[in-house]
Amino acid sequence: MLLELHVKNLALIEKADVEFGRGLNILTGETGAGKSIIIGSVNMALGGKASKDNIRQGADSAYIELLFSVTDPEKRQALKALDVEPDEDGTLIISRKIMPSRSTMRINDETVTTSRLKAITGLLLDIHGQHEHQSLLHKSRHLEILDAYLNEETHHIKEQIEEEYRRYQTLTKKLESFTLDREGQIREADFCRFEIEEIEDAAIKEGEEEELALQYRRYSHSRKIMEGLSAAYEAVHDDGISRALREIDSIYQYDEEGLQNIRSQLGDLENLLSDAGWEISSYMDKMTFDEESFRQIEERLDRIRGLMAKYGGTLDMVVKNLEEKKKRLEELENYDQARQEVERDLEQSRNQLEKLCQHLSKIRKKGGEELRGKIYQALQDLNFINVDFAIEITKLSHFTANGFDEVEFKISANPGEPARPLKDVASGGELSRIMLAIKAVLADTDQIPTLIFDEIDTGISGRTAQKVSEKLSYIAKSHQVICITHLPQIAAMADSHFEIAKAAKKGRTATTIRRLEDEEAVRELARLLGGAEITETVLNNAAEMKKLAEQTKQG
């Protein structure tokens, strides 16, 4: 679960440290206090969009850190498969530093990419943003939800379908390429033969280009090489070291112990110079320039490099091109047969894909009815009276990487009215509750330990708000839930209640967050209930609401 959130110099937050607890964590505060910044900081730490504008004015950078505890063996194994190892005590730290020119993301001090970070954190946390319920207006989201519910049953066959679909697409494109008439076949075959002959006649050997380039460079600079060698030979045979050694020998008898090392070193130098002189002389003797050999090397090098430029840039690419052209020539020489083979393979792929998609569709239809029943019950729990909910699965006219099913959720909130697509009948508040119902159902099957709801209570009040609070409390029995709300019915259910406040300090506005004690939580509930003036009656109502919420949770 998410243990701690640390934020520094982000927007209005100078510094905030939050220790979340188990169960239902509620965040409340006045409008404009900065509640969205808190959830926004978590989003940024998880790889969400961040810019230099998010840095608090006057600061060089912003910093966000999330501290997770991962103790579940299956979750640890799943993270290990992504090359992530929590500490021995299960600690996993995710951080992001936002700077004017760039930002860096780390997991336990290892820098990671955004895509890898999202893959990892997707196992740990799920954020339901303020407008996520709007995604229910798109049918593609309905298929994702059904497949998420059926993941254990469908993930293997979906992998098979995805692989076969790629093969099907490749074969379809291959078949579409068989458009040449007889004259076109002959023309392309002749060109293939020419290119094959051009490459094979060159008979390029492994490492030949590098060796020729070395010889060409040596020939091209032969005069400079000879001039340099001659100068070096003269320098080596300069009498300086020998004269120095003779001078030491002339005085050696007067201090043998003191001059021993000098004499030995000069002797070694003389021997080394003598050997170097011999090597230079030997190289010079072998150094010859043959105009004909140089011309042949130049022509051979030009030919090899020309072929490499024409067929891929490297010898490996030339060889690869040769094999492809041979394969294409064989195909052209047996054009009708090759087309028939592709048609046969495509038919086999189509049949296999149809079989796999039918199997997946059967699972979806059975699971869809089960999911429909659970969402229907969850909707009733959320004060949808006389609701009718349906999951319609229809067959597309074509294959996709997800099979051939199209899924659409339909609802009727009024007796006697047929179930219709969500986009046609559901209001914003209803969509929010439908999404919560779906999240509640999926919470029983998924393994994501922490769920964050950003203002799930949009567009609801009264008894419906009470039902939503009970559903959140139910989810919090098996998950850690973090929820921003402005409704007292939901805030009363908190296992941990945090207040987000904004205040001016030393001429600067800053947002702070702190955990409330029991009495403070009751006073915050009173503020949510009573508005501008908190009377004794409102405080009593808040205390009663908190007491009833505790009884509801225990029940």
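An account of the accompanying structure is given in this report. (Residues numbered from 1 in each chain as written. Predicted model: local features only at pLDDT ≥ 70, side-chain atom pairs only at ≥ 80, totals over all residues. Heavy atoms only, no water.)

Considerations on the pairing of strand E2 (residues 13–19)
Bridging between strand E1 (residues 2–10) and E2 involves six bridges; their strand directions are antiparallel. When the sheet's bridge partners are listed, histidine 6 is paired in E2 with aspartate 17. Adjacent in sequence and paired antiparallel, E1 and E2 are bridged by two residues, among which alanine 11 carries a positive phi angle near 50°. (Pairing = 2+ DSSP bridges. Helix = DSSP H or I, 4+ residues; strand = E, 2+ residues; numbered from the N terminus.)

What to know about a negative patch on the surface
A cluster of acidic residues, Asp72, Glu74, Glu152, Glu153 and Glu370, forms a negative patch at the surface. With respect to the helices, strands and loops of the structure, glutamate 74 is situated in helix H2 (residues 73–81). (Patch = residues over 30% accessible without salt bridge, like charges linked within 9 Å, V, L, I, M, F, W, Y side chains within 5 Å. Areas by Shrake-Rupley, 256 points an atom, 1.4 Å probe, with all protein chains shown as cover. Salt bridge = Lys/Arg side-chain N within 4 Å of Asp/Glu carboxyl O. Lys, Arg positive; Asp, Glu negative; His and termini not counted. Charge placed at Lys NZ, Arg CZ, Asp CG, Glu CD.)

Some points on the pattern of salt bridges
By the definition in use, this model includes 37 salt bridges. Put simply, arginine 193 and glutamate 333 hold a salt bridge, and the shortest N to O gap is 3.2 Å. One end of the pair, arginine 193, is in helix H6 (residues 182–202); the other, glutamate 333, is in helix H12 (residues 315–333), with 140 residues separating them in the sequence. What makes glutamate 333 partly exposed here is its relative accessible area of 47%. The partner of aspartate 495 in a salt bridge is lysine 553, with the nearest N and O atoms 2.9 Å apart. (Buried < 20%, exposed > 50% of the residue type's maximum accessible area, 1.4 Å probe, protein only.)

A short note on the sheet that holds strand E14 (residues 496–505)
Read from one edge of the open sheet, six strands run E8-E12-E13-E3-E14-E15, paired in mixed fashion. The open sheet has two edge strands, strand E8 (125–128) and strand E15 (508–515), and neither has a second partner. On average, adjacent strands in this sheet sit at an angle of 15° to one another, irrespective of strand direction. Most of the contacts of helix H18 (residues 518–530) go to strand E3 (residues 24–29), to which it runs at about 55°, and overall it touches E3, E14 and E15. (Axes fitted to C-alpha atoms, helices over the stretch in contact; angles between N-to-C directions. Contact = heavy atoms within 4.5 Å.)

Fair warning: the whole summary comes from geometry, so function is off the table for now.
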